[in-house]
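# Close look at the chain arrangement
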Amino acid sequence: MEIFQIVFEKVGIMYSFIMVGFFLFKIKIINRNIVQKLSFILVWIINPIIIFGQYQTEFSEEKFSRLLISFILSIFAISLGFFIGNKFTKNSIERLGLGLPNSGFIGIPLVASIIGNHAVFYLSAYLAVFNITAYTYGIYLITKKANYISIKRIIKNSGIISVILGILMFIFSVRTPSSLSFIFNFSIKVNAPLAMIILGTYIANMDIVELLKDRRIYTISFIKLIIIPLMILILFIFIPFVPVEIKYVILLATCTPVGLTASLYSQLFGGDYVHAAKLIGLSTILSLFTIPVFVYAMELVIR
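Quick notes on the rules
- Residues numbered from 1 in each chain as written.
- Predicted model: local features only at pLDDT ≥ 70, side-chain atom pairs only at ≥ 80, totals over all residues.
- Heavy atoms only, no water.
- UniProt positions renumbered as here; feature names shortened; annotations may be inferred.
- Helix = DSSP H or I, 4+ residues; strand = E, 2+ residues; numbered from the N terminus.
- Rg over C-alpha atoms; globule rule 2.2 N^0.38 Å.
- Buried < 20%, exposed > 50% of the residue type's maximum accessible area, 1.4 Å probe, protein only.
- Contact = heavy atoms within 4.5 Å.
- Areas by Shrake-Rupley, 256 points an atom, 1.4 Å probe, with all protein chains shown as cover.
- Phe/Tyr/Trp six-rings, centres within 6.5 Å; stacked < 30°, edge-to-face > 60°.
- Expected span 1.5 Å × (residues − 1).
- Bend = angle between axes of the 7 residues up to and from the residue.
- 1 Å grid on protein atoms, 1.4 Å probe; cavity = no way out; pocket = protein on both sides within 12 Å on 5 of 7 lines; lining within 4 Å.
- Points joined across faces, edges and corners; volume = space filled by probe spheres on them.
- Nonpolar A, V, L, I, M, F, W, Y, C, P; charged D, E, K, R; others polar.

The name that an unreviewed UniProt entry assigns to the protein chain is Putative permiase, with the source organism given as Leptotrichia trevisanii. Regarding the protein chain, the relevant UniProt record gives this comment under Subcellular location (unreviewed entry): "Cell membrane". You can read under Sequence similarities (unreviewed entry) in the UniProt record for the protein chain the words "Belongs to the auxin efflux carrier (TC 2.A.69) family."

## Side note on the overall build of the protein chain
When helices and strands are counted, the protein chain shows 14 helices and 0 strands. Listing the helices and strands of the protein chain from first to last along the sequence gives α-α-α-α-α-α-α-α-α-α-α-α-α-α. Relative to the 2.2 N^0.38 estimate, which gives 19 Å for 303 residues, the radius of gyration of the protein chain is 18 Å and therefore close to what a compact globule would have. C-alpha atoms of the protein chain, sized along the principal axes, occupy 55 × 45 × 40 Å. Here the protein chain holds 303 residues, and 53% of them are scored as buried. In the protein chain, the share of contacts with a sequence separation of at least 24, taken over all contacts with a separation of at least 6, comes to 83%. When the accessible surface of the protein chain is split by element, carbon and sulfur atoms take 68% of a total near 14300 Å².

## Comments concerning the packing of aromatic side chains
Counting across every chain of the model gives 10 aromatic pairs. When the ring of Phe-182 is compared with that of Phe-186, the centres are 6.1 Å apart and the planes differ by 20 degrees; the resulting orientation is stacked. Taken together, the positions of Phe-182 and Phe-186, both in helix α9 (residues 181-204) and 4 residues apart, correspond to about one turn of that helix. Look at Phe-182 and you get exposed, because its relative accessible area is 59%. A network of ring pairs unites the aromatic residues Tyr-55, Phe-59, Phe-64, Phe-121, Tyr-122 and Phe-170 as a single cluster.

## Re α9
Since the α-helix advances by 3.6 residues per turn, residues separated by three or four positions end up pointing in the same direction. The end-to-end C-alpha separation of α9 is 35 Å, in line with the 34 Å expected for 24 residues at 1.5 Å each. Maximal helix bending in α9 amounts to about 35 degrees, located at Asn-191; proline Pro-193 follows within four positions.

## Some details on the side chain of Ser-103
Examined against the element boundaries, Ser-103 turns out to sit in the loop between α4 (92-99) and α5 (107-114). The residues contacting Ser-103, other than those within four sequence positions of it, are Ile-108, Leu-123, Tyr-126, Leu-127, Phe-130, Ala-253 and Thr-256.

## Some remarks on the environment of Leu-73
One can find Leu-73 in helix α3 (residues 61-88). Since its relative accessible area comes to 10%, Leu-73 is described here as buried. Taking the C-alpha atoms as reference points, Leu-73 and Ala-125, 52 residues apart in sequence, are found 9.1 Å from one another. Beyond its immediate chain neighbours, meaning those up to four positions away, Leu-73 contacts Phe-236, Ile-239, Val-242, Ile-246 and Ile-250.

## Focus on the layout of surface pockets
Remark: the empty space left among the atoms is shown by a probe the size of a water molecule rolled over them. Approximately 1400 Å³ is the volume attributed to the largest pocket. Lining the largest pocket are 45 residues, with Tyr-202, Leu-260, Ser-263, Leu-264 and Ile-280 positioned closest to its centre. Residue assignment for the lining of the largest pocket shows that the elements contributing at least two residues are α2 (32-54), α6 (120-143), α8 (158-171), α9, α10 (208-213), α13 (261-269) and α14 (273-301). For the lining of the largest pocket, the leading source of residues is α2, giving 10 residues. Taken together, the residues of the lining of the largest pocket break down into 24 nonpolar, 17 polar and 4 charged.

Structure, rendered in structure tokens:
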């Protein structure tokens, strides 16, 4: 019971900021234009800074080997999502939603709050695999055209850049000036509250009644939030050689709801934006309940 209380206390603090964002949007202190700008700052500036900052640490073979393990498990976890998606549905938006969770936007504050800031180092592997997959197979899944895939999009992605530069500096033990540590620490502190506040505005902008009427959304949300994480959890029980901390990171990233990539690609490449928005909306709301349950389950079975 003590573990259960600790888990819900940590997650509860994070989710309290969701209510702040919800009410700020409802009373019109924050509008859509502000939310879009804050989201841009969070995803393209703050998150890459946090990831890059985690590589400012002494090189060790143990850390490097763990990072490689994290990359391998990340590839498996994301591939599993797409595999299950391809089995359960023929809808491209649904497949994309099941394969690419909201691992950056929600995953970073979750991992930092529940496991610790240092664990973002291993989450960076998952985010790198996520971004590469999103800009290749993800685009192809929606467009069905290989010519839409561009290497420039991958190279210019600030998340990918932060991982590549971070790994190189980690391997060659190159350090940034100590004065920059303030920026890294500040970014970590502001990340979780800002991400949750923005998430609260998204929920406030949804038509909850309309959302709850769509039975198909429940099915996809159930697969995304229960089936896929459960399969990962069961797998981790039978592979004891993987460090516990990495198991936590990968499972937390997998537990997050349908990612914003689904709606973004729907708008950019002519997909069903309304359906994508519903998937993100309901899975996000339901994840407020499913994530704590899986965190609690991790504490019980993954040791």
